[in-house]
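Each chain is listed here by its residues.
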Amino acid sequence: MRPLSSRLSVMSGEGALTVYAKATELERRGRNIIHLELGEPDFHASQQVIEALEKSLRAGKDRYCPMAGVPELCAELARYLRQTRGLVVSADNIVMAPGCKIALFLAMMALLDPGDEVLYPEPGFPGYPSITLGLGAVAVPFTLHESRDFQPDPDEIAAKITPRSKLILTCSPNNPTGTVYTDEVQRSIAKLAVKHDLYVISDEIYARIVYGQSYVSMMSYPGMSERTLIVDGFSKSFAMTGWRLGYTVAPREIVPALVLLAINSYTCVAEFSQYAAIEALRDPAGATPRMVAEFERRRDQFVAGLSRVPGFRCAHADGAFYAWVNVSGTGLAAEEVCRIMLEEAGVAAIPGIAFGESGKDFVRFSYASSAAKLEEAVTRIQAVSTVWQTAVVG
Ligand SMILES: Cc1ncc(COP(=O)(O)O)c(C=O)c1O
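The following refers to the structure shown. Along each chain, numbering runs from 1 in the same order as the chain's sequence is written. Local features in this predicted model are restricted to residues whose pLDDT is 70 or higher, and side-chain atom pairs enter the listing and the counts only when it is 80 or higher, whereas totals over whole chains, interfaces and linings include all residues. As a rule here, side-chain values come from all non-hydrogen atoms in the structure, and water together with hydrogens is ignored.

**What about the overall build of the protein?**
The helix and strand labels rest on DSSP assignments: H or I over at least four residues marks a helix, E over at least two residues marks a strand, and numbering proceeds from the N terminus. On a plain count of helices and strands, the protein comes out with 13 helices and 13 strands. Note on method: radius of gyration uses C-alpha positions; expected globular size equals 2.2 Å times residues raised to 0.38. Taken over the C-alpha trace, the protein has a radius of gyration of 21 Å; the compact-globule value for 394 residues is 21 Å, and the two agree within 12%. Looking at the protein alone, contacts between residues at least 24 apart form 74% of all its contacts between residues at least 6 apart. Each accessible area value is a Shrake-Rupley result obtained with a 1.4 Å probe; residue values ignore everything except the protein chains displayed when judging cover. Carbon and sulfur atoms provide 54% of the accessible area of the protein, an area that totals close to 16800 Å². His is not counted here, nor are the chain ends, while Lys and Arg score as positive and Asp and Glu score as negative. Charge coordinates come from a single atom per side chain, which is NZ of Lys, CZ of Arg, CG of Asp or CD of Glu. Here the protein contributes 38 positive and 44 negative side-chain charges, whose respective centroids are spaced 3 Å apart. Here a residue-residue contact requires only that any non-hydrogen atoms of the pair lie within 4.5 Å.

If you want it as structure tokens, here you go:
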């Protein structure tokens, strides 16, 4: 057999999925596992969305449909983005995709040539370096340091810009740290993008999940509307992970390139789910604000609980639904802490190295789980923490 494409050897999987596979194997063998590894809300699509889905199927909305998305949904999205992010965009700026991840993949494919350099946040979503390398481009991380509350350092980004730089990836709130970029940081990144004529892909999948502040998009800074591509979707903000609904908001001149890539890959997004998505955006029952309020309560409870575990130092982030915990105080490697938590306490979490080298002292927990499960998880971790307390003392 001839070898597979060489691009596969530079692409990587996702730590969350690896831990999930291990945890479910333990479950199959009868262990009780609290799953805090996946970035998936424990909510579901609202009743109105499900009814809209049924209605659209009965109305025969199961055909091929416009490649960029059904016009009613794109128009509703433009309205939604204006209402929730103050963005002035129209339906013509939007291309629907089967999930935010494919929107990201195709946006990067549209922008990058082999050898182009991509600046991306680390620790960050594993897809950023993986897709970059898969496209033959060069992945250049900028570090989110704990000492800076995991905010990007614009000076570091500036120092890493070269004539081959083409794209800056931003993600606010960030996975895995939950950091909501400050206005000052976003403004500085925008200035760099304008100065060096760079594109920015702003991953806004967690934009609705912010606590105590309103969201500001990278696209809203001076000079950014013509160089920013927002990728977003329904997975997190509307608890619709399995629906595979995402979209790109792009300058009008770039939209035909994204549509061409859609034609060459998925053709169009399922018509019936797009009609149901309109109802999600309208959110007549306020399902998203209720979910976000619940996440905020859980964050406060869970971060307080984890902070009491010996050797853990847990950030109190302003967005997403992750607790990002520095476990270097345990004296053990983060992978070992995760192994002990999974095998001895039945709590699944991800070693931070899955989000890049700079995450090696950390563990990511998702708190998109019930308050009772989170409390139980803390109790179980407390109980096994004697292992590293003994190790530290010994
Ligand atoms: C930062 C970030 N971007 C994109 C995605 C992908 O979202 P989707 O499930 O819509 O493909 C995720 C999912 O975990 C994510 O955390």
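After presenting the structure, the write-up continues.
**Some words on the sheet that holds strand β13 (residues 362-366)**
Note on pairing: DSSP must find at least two bridges between two strands before they are called paired. Across the sheet, 4 strands lie side by side as β9-β10-β13-β12; this open sheet has antiparallel pairing. Each end of this open sheet is capped by a strand with a single partner; those strands are β9 (313-314) and β12 (350-351). Note that strand β10 (residues 322-326) and β13 share 5 bridges and pair antiparallel. Note on β13: the bridge partner recorded for Val325 is Val363.

**Observations concerning the pairing of β10**
Burial status follows relative accessibility: with a 1.4 Å probe on protein chains alone, a residue under 20% of its type maximum counts as buried, one over 50% as exposed, and anything between as partly exposed. Summarising burial for β10: 5 of the 5 residues are buried, a large majority. Burial of β10 is two-sided: the residues Tyr322, Trp324 and Asn326 facing one way and the residues Ala323 and Val325 facing the other way are all buried. Relative to β10, β9 runs antiparallel, the two sharing 2 bridges. The residue of β10 that forms the bridge with Cys314 is Val325.

**Some words on the nonpolar core**
One finds Met96, Ile201, Phe234, Leu306, Phe312, Met341 and Phe365 to be the most contacted residues of the largest nonpolar core, which totals 102 residues. Boundaries of every domain are those given by an automatic assignment or by a domain database. A domain split of this core shows at least three residues from each of domain 1 (6-44 + 287-386) and domain 2 (47-282). The residues touching Met341, leaving out its near neighbours within four places in the chain, are Phe312, Gly346, Val347, Ala349, Val363, Phe365, Ile381 and Trp388. The next biggest cluster of nonpolar side chains, apart from the first, holds 30 residues, and it includes Val140, Met218, Leu342 and Ala348. Working definition of a nonpolar core: buried Ala, Val, Leu, Ile, Met, Phe, Trp, Tyr and Cys residues. They are joined through side-chain atoms within 4.5 Å.

**Things to note about the side chain of Ser202**
With respect to the helices and strands, Ser202 occurs in strand β6 (residues 199-203). Residues in contact with Ser202, not counting those within four places in the same chain, are Thr170, Met218, Thr228, Leu229, Ile230 and Val231.

**So, the pattern of salt bridges**
Salt bridges are counted wherever a side-chain nitrogen of Lys or Arg sits within 4 Å of a carboxyl oxygen of Asp or Glu. The tally for this structure, following the rule as stated, stands at 24 salt bridges. Put simply, Glu25 and Arg28 hold a salt bridge, and the shortest N to O gap is 3.0 Å. Of this pair, Glu25 and Arg28 are both found in helix α1 (residues 15-28), 3 residues apart, which corresponds to roughly one turn of the helix. Residue classification places Glu25 among the partly exposed residues on the basis of a relative accessible area of 29%. For Arg28, a relative accessible area of 63% puts it in the exposed group. Of the charged contacts, one joins Arg85 and Glu204 as a salt bridge, the two residues approaching to 3.0 Å between their closest N and O atoms. Highlighted residues: Arg85 in helix α3 (residues 71-85) and Glu204 in the loop between β6 and β7 (228-233), separated in sequence by 119 residues. Accessibility expressed as a relative area gives 6% for Arg85, which makes it buried. Since its relative accessible area comes to 0%, Glu204 is described here as buried. Residues joined by salt bridges that share partners form a network here, namely Asp42, Glu294, Arg297 and Arg298.

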